[in-house]
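Coordinate analysis (summary)
Given next are the chains, with one letter for each unit.
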Amino acid sequence: MIKKRKYMNPYLAGVLLGLVLLASFYLTGRGLGASGAMKSVVVSGVEKIAPSHVSNSGFYSKYVSEEASPLKTWLVLEVFGVLIGGFISGAISGRLGLKVERSPKITNRRRLIFAAIGGALFGFGSQLGRGCTSGAALSGMAVLSVAGFVTMMAIFGTAFALAYFFRKNWI
Amino acid sequence: MGPIIPVFGISEELNLLIAFIIGLGFGFALEQAGFSSSRKLAGMFYGYDITVLKVFFTAAITAMLGLIFLNYLEMIDMGIIYVNQYYIQSAIVGGVIMGAGFIVGGFCPGTSVCAAAIGKIDAMVFIGGSLLGIIFFGETYSWWEELYNKNFIGSPKLSNTLNLKDGVLALLVVVMAVIMFWLGEKAEKRFNRDDIIKEI
């Protein structure tokens, strides 16, 4: 078995992530994203099941193009890369393995219920807020956009403000 | 002259290959930083591990300064770089809901994909929840449409709003980040939880 290795120095990892983000801007003119790819998966799924529902919806219809499938979009391929890149990193550092990560004070069941609720909130919020931590906050701040700074402060400020109420789940 | 793809144009296949390669780097950096662990991410909000602050701000500053230098060297046309649109209410309300999702679920969308990649089951469930949240937004779009489109004020840059040069604002962000790193490192000592750090 590969010995579990330590994480990279956070400032070094930050520079690495920043260079990936810069490369994205230099090559494509846009930053990174994650929730946009999830939206493409949803639009594609709904389109398969109920095509007329998509064309009648004020939301879904905005994201359907005539020629390409929503799964063959830039962001979906990028997030597929995130999956493989994360896997490679985990393999190199000996961190692969099925696991529910939780505080010893709570059960797996409780952790998973909260993960589902948190995911639903994040998914919903990322649509309303036009992007998540990657596309709105990180990429938005890199181009000095007001929206990026505002969304970043709203995300982190709220998480800090609510941390006390969910402390049992984490500490 | 960048950005390469919008300026020169390339084939669809090559464009998608570049997307995949950038994603590889993104996922690799996130996982190496430890963003594949929800308890490491959550440490930010209890002070025992502020990796999120360090990585997030270092990355934003690296890209911010990189763009300023590329612009100064006339290697990039900043006029066609995407600047996020600002709809006041939806940016704030959306951010607040995302913040709640962060502390409840322990991930954000990018980190959940990276954590699922190494086998974290909580991350897989988080992704499932996210898809449901997006479907819910799509199905109830008419309820939120007004809020979603309210007070659109274009794509303002903070430097213009504050009447500062980009470089001056970037310097201020760097100074603020250094102060936050210093405070954060103190917090890590003050709220030290060796029992958790050992496990993550």
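Residues numbered from 1 in each chain as written. Chains lettered and ligands numbered in written order. Predicted model: local features only at pLDDT ≥ 70, side-chain atom pairs only at ≥ 80, totals over all residues.

Quick look at the overall build of chain B now. When its secondary structure is counted, chain B shows 11 helices and zero strands. Its helices and strands in sequence order give chain B the pattern α-α-α-α-α-α-α-α-α-α-α, from N to C terminus. For the C-alpha atoms alone, the extent of chain B along its principal axes is close to 50 × 45 × 40 Å. With 200 residues in all, chain B has 49% of them scored as buried. Sequence separation of 24 or more characterises 68% of the internal contacts of chain B that already satisfy a separation of 6 or more. (Helix = DSSP H or I, 4+ residues; strand = E, 2+ residues; numbered from the N terminus. Buried ≥ 20, exposed ≤ 12 C-beta atoms within 10 Å, placed from the backbone. Contact = placed C-beta atoms within 7 Å.)

Before going further, it helps to spend a moment on the overall build of chain A. Looking only at helices and strands, chain A features eight helices and zero strands. In sequence order, chain A lays out its α and β elements as α-α-α-α-α-α-α-α. C-alpha extents for chain A along the principal axes are approximately 50 × 40 × 40 Å. By residue count, 57% of the 171 residues in chain A fall in the buried class. For chain A, long-range pairs separated by at least 24 residues make up 54% of all intrachain contacts whose partners lie at least 6 apart in sequence.

What follows is about the packing of helix α4 (residues 51–72) of chain B against helix α10 (residues 166–190) of chain B. Residue and element names in this part refer to chain B. Their axes nearest at 10 Å, the elements α4 and α10 cross at an angle of 160°. On the basis of their axis angle, the class for α4 and α10 is roughly antiparallel. You can see that α4 and α10 cross each other, and the crossing is left-handed. For the pair formed by α4 and α10, the contact residues are L53, K54, F57, I61, M64, L65 and I68 on the first element and D166, G167, A170, V173, V174, A177, M180, F181 and G184 on the second. (Axes fitted to C-alpha atoms, helices over the stretch in contact; angles between N-to-C directions. Parallel < 35°, antiparallel > 145°, perpendicular 65-115°, else oblique. Left-handed = near helix turned anticlockwise from the far one by under 90°.)

Another aspect to go through is the interface of chain A and chain B. Facing the 106 residues of chain A at the interface are 111 residues of chain B. Those elements that provide at least two residues to the side of chain A that touches chain B are α1 (10–28), α2 (35–49), α4 (74–92), α5 (108–128), α6 (133–142), α7 (146–163) and α8 (167–170) of chain A. The biggest single contributor to the side of chain A that touches chain B is α1(A), with 18 residues.

Next up on the list: helix α6 (residues 109–117) of chain B. For an α-helix the count is 3.6 residues per turn, leaving residues at separations of three or four pointing the same way. For α6(B), the tally of buried residues reaches nine of nine residues, placing the bulk of the element in the interior. Taken as a whole, α6(B) has its buried residues at P109(B), G110(B), T111(B), S112(B), V113(B), C114(B), A115(B), A116(B) and A117(B).

With that settled, consider the nonpolar core. Of all hydrophobic cores here, the largest spans 114 residues; its most connected members are L17(A), L21(A) and A60(B). Here this core gets 12 residues from one element, more than from any other, and that element is α4(B). Beyond its immediate chain neighbours, meaning those up to four positions away, L17(A) contacts A29(B), L30(B), A33(B), V55(B) and A59(B). (Core = buried A, V, L, I, M, F, W, Y, C linked by C-beta atoms within 7 Å.)

Taking burial as the measure, the 10 residues of α6(A) include 10 buried ones, the bulk of the element. Inspection of α6(A) places T133(A), S134(A), G135(A), A136(A), A137(A), L138(A), S139(A), G140(A), M141(A) and A142(A) among the buried residues, and these make up the whole buried set. Summarising the contacts, the buried residues of α6(A) are in contact with α1, α2 and α7 of chain A together with α4 and α6 of chain B. Backbone geometry just after α6(A) places L144(A) at a positive phi near 65°.

Attention now goes to the environment of F107(B). Residues and elements named next belong to chain B. Structurally, the position occupied by F107 is in the loop between α5 (88–105) and α6. Among the residues examined, F107 registers 32 C-beta atoms within 10 Å and is labelled buried. Between the alpha carbons of F107 and Q85 there is a distance of 24 Å; along the sequence they are 22 residues apart. Leave out the neighbours within four places in its chain, and F107 touches S38, L41, S112, A115, A123 and F126.

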